[in-house]
Amino acid sequence: MMRSAVVIAAAALAGCATGNVQIRSVPAETPAADTQAAIAAQQTLAAAKSKQAAPTAEPIVPADAPSMRTYDPWEPINRFTYRFNARFDETVFLPVSNAYRSLPAPVQGGVHNFFSNLSEVDSTINFALQARPALGLRSAGRFLINTTIGIGGLFDVAAKLNLAPASTGFATTLATWGMHPGPYLVLPFLGPSTLRDGVGYLGDFGTSYVVDIGGLYRNSSRSWMLGVGNAIDQRSNINFRYYATGSAFEYESIRFLYVRKRLIEDEALHKDEPVVREPRTPAGQ
């Protein structure tokens, strides 16, 4: 037995002397590093797949972004009017509209429906001028239904008959036939506007005066009461507050957003026609 062990040991020593001996070591366990590597590999694979699946799109260039410059040749007077409107809104308009909002909801709803119903007459005429007879007939139908079944427009019965309101005005009529918004304009009490929208306000008032539903607009006292009541109702449904953001560039922001909104609406009216872009501000202005 001893002799056999000696022979085996000698053979092993001989093998070590004549051959290469390889010693294998077990790698260190690094679970955190292995997990991070697996996550990185998965993210790389997912990014490669999404890049292959994503449709190719043209890169956006600065020319694609809308210009922040707005044609405002009457800026000094516009800024003065803007500050006046802010003070009037704070001292008069908001307190009155807040008191109006304290009325019961059915009362507010009835008043709002009444003024909306009166505007259907103006919408009917302007849809006809815009060569959009289907919408004109809808406005006329809404007016007839709400004036009769809706008790003078206090209830929007037409909406329950799937005749949704679609209002328009003379400013949109002018836009339909290609009139550009023109320079920016801040109207007393009414707020942001453009020259075209200002003309539109006059056109809408003229339409109401000529048609004179129920003798409401040619009587000065009734006309003033209607105007004030309509203004209070509209203000109570607008959450905008002057200088609420604390931004030093609120005037510029409101001006840009209002004019861009009007240009987008114009583009929607002329989907199949070239869009007339806003004119550049002349040098020095």
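Caption draft 1: Structural view of the overall build of the protein chain. Along its length, the protein chain carries ten helices and two strands. Counting helices and strands in the order they occur from the N terminus, the protein chain gives α-α-α-α-α-α-α-β-β-α-α-α. Across the 285 residues of the protein chain, 28% fall into the buried class. A fraction of 68% describes how many contacts in the protein chain between residues 6 or more apart in sequence connect residues 24 or more apart. Split by element, the accessible area of the protein chain, about 19,400 Å² in all, is 65% carbon and sulfur.

Caption draft 2: Main features of unusual backbone geometry. Look at Ala 131: it is not a glycine, yet its phi comes out positive at around 60°. Tracing the sequence through the fold places Ala 131 in the loop between helix H4 (105-129) and helix H5 (133-148). Judged by relative accessible area, which is 53%, Ala 131 ranks as exposed. Unlike most non-glycine residues, Tyr 243 shows phi in positive territory, near 60°.

Caption draft 3: Looking closely at a nonpolar patch on the surface. Taken together, the side chains of Trp 74, Ile 77, Phe 80, Phe 84, Phe 189, Leu 190, Leu 195, Val 199 and Tyr 201 define a hydrophobic patch exposed on the protein surface, amounting to about 850 Å² of accessible area. For the nonpolar patch, the elements supplying multiple residues, two or more each, are helix H3 (75-101) and helix H8 (195-211). By the element assignment, Phe 189 lies in the loop between strand E1 (184-187) and strand E2 (191-194).

Caption draft 4: Examining the pattern of salt bridges more closely. In total, this model carries 13 salt bridges according to the counting rule given. Put simply, Arg 255 and Glu 75 hold a salt bridge, and the shortest N to O gap is 3.8 Å. Placement of Arg 255 in helix H10 (residues 250-269) and of Glu 75 in helix H3 is noted, with a sequence separation of 180 residues between them.

Caption draft 5: Geometry of the packing of aromatic side chains. Under the defined criterion, the tally for this structure stands at twelve aromatic pairs. Geometrically, the ring pair formed by Tyr 82 and Tyr 242 is edge-to-face, given 5.2 Å between the ring centres and 75° between the ring planes. In this pair, Tyr 82 sits in helix H3 while Tyr 242 sits in the loop between helix H9 (220-236) and H10, placing the two residues 160 residues apart along the sequence. A single burial state applies to Tyr 82 and to Tyr 242, both of which are buried. Ring centres of Phe 88 and Phe 189 lie 4.9 Å apart, and the angle between their planes is 75°; on these two criteria the pair is classed as edge-to-face. With a gap of 101 residues between them, Phe 88 in helix H3 and Phe 189 in the loop between E1 and E2 connect regions that are remote in the sequence. Here the basic side chain of Arg 218 rests over the ring of Tyr 209, its NZ or CZ set 5.4 Å away from the ring centre.

Caption draft 6: Quick look at the pairing of E1. Burial along E1 is two-sided: Tyr 184 and Val 186 facing one way and Leu 185 and Leu 187 facing the other are all buried. Examined bridge by bridge, E1 and E2 share four bridges and lie antiparallel to one another. Residue pairing across strands places Tyr 184 opposite Thr 194, the latter belonging to E2. As consecutive antiparallel partners, E1 and E2 are separated by three residues, and within that stretch Phe 189 has a phi angle of approximately 70°, a positive value.

Caption draft 7: Examining H9 more closely. End to end, H9 covers 24 Å across 17 residues, agreeing with the expected 24 Å (1.5 Å per residue, within 8%). Those residues of H9 not exposed but buried are Ser 223, Leu 226, Ile 232, Asp 233, Arg 235 and Ser 236. Against the buried residues of H9 lie H3, H4 and H8.

Caption draft 8: Spotlight on the confidence of the model for the protein chain. Mean pLDDT over the protein chain works out to 82, with 75% of the residues at or above the 70 mark. Mean pLDDT across the elements of the protein chain bottoms out in helix H1 (residues 2-18) (44) and peaks in E1 (97). Confidence drops under a pLDDT of 50 for residues 274-285, and excluding neighbours within four residues, the segment shows 21 contacts in the predicted structure.

Caption draft 9: Focus on the nonpolar core. With ten residues, the main nonpolar core is built from Tyr 82, Ala 86, Tyr 184, Val 186, Tyr 242, Tyr 251, Ile 254, Tyr 258, Val 259 and Leu 263. Elements supplying a minimum of two residues to this core: H3, E1 and H10. Per element, the largest residue contribution to this core is five residues, and it comes from H10. With near-sequence residues (within four places) excluded, Tyr 82 lies in contact with Val 186, Phe 240, Tyr 242, Tyr 243, Glu 250, Tyr 251 and Ile 254.

Caption draft 10: Quick look at the packing of H4 against H9. Between H4 and H9, whose axes approach to 10 Å, the crossing angle comes to 120°. Here H9 runs oblique to H4, going by the angle between their axes. Pair H4 / H9 crosses with left-handed handedness. Packed against H4, whose contacting residues are Gln 108, Val 111, His 112, Phe 114, Phe 115 and Leu 118, the element H9 presents Leu 226, Gly 229, Asn 230 and Asp 233 at the interface.

How each quantity is defined
Residues numbered from 1 in each chain as written. Predicted model: local features only at pLDDT ≥ 70, side-chain atom pairs only at ≥ 80, totals over all residues. Heavy atoms only, no water. Helix = DSSP H or I, 4+ residues; strand = E, 2+ residues; numbered from the N terminus. Buried < 20%, exposed > 50% of the residue type's maximum accessible area, 1.4 Å probe, protein only. Contact = heavy atoms within 4.5 Å. Areas by Shrake-Rupley, 256 points an atom, 1.4 Å probe, with all protein chains shown as cover. Patch = residues over 30% accessible without salt bridge, like charges linked within 9 Å, V, L, I, M, F, W, Y side chains within 5 Å. Salt bridge = Lys/Arg side-chain N within 4 Å of Asp/Glu carboxyl O. Phe/Tyr/Trp six-rings, centres within 6.5 Å; stacked < 30°, edge-to-face > 60°. Lys NZ or Arg CZ within 6 Å of the ring centre and 35° of its normal. Pairing = 2+ DSSP bridges. Expected span 1.5 Å × (residues − 1). pLDDT = per-residue confidence, 0-100. Core = buried A, V, L, I, M, F, W, Y, C linked by side-chain atoms within 4.5 Å. Axes fitted to C-alpha atoms, helices over the stretch in contact; angles between N-to-C directions. Parallel < 35°, antiparallel > 145°, perpendicular 65-115°, else oblique. Left-handed = near helix turned anticlockwise from the far one by under 90°.

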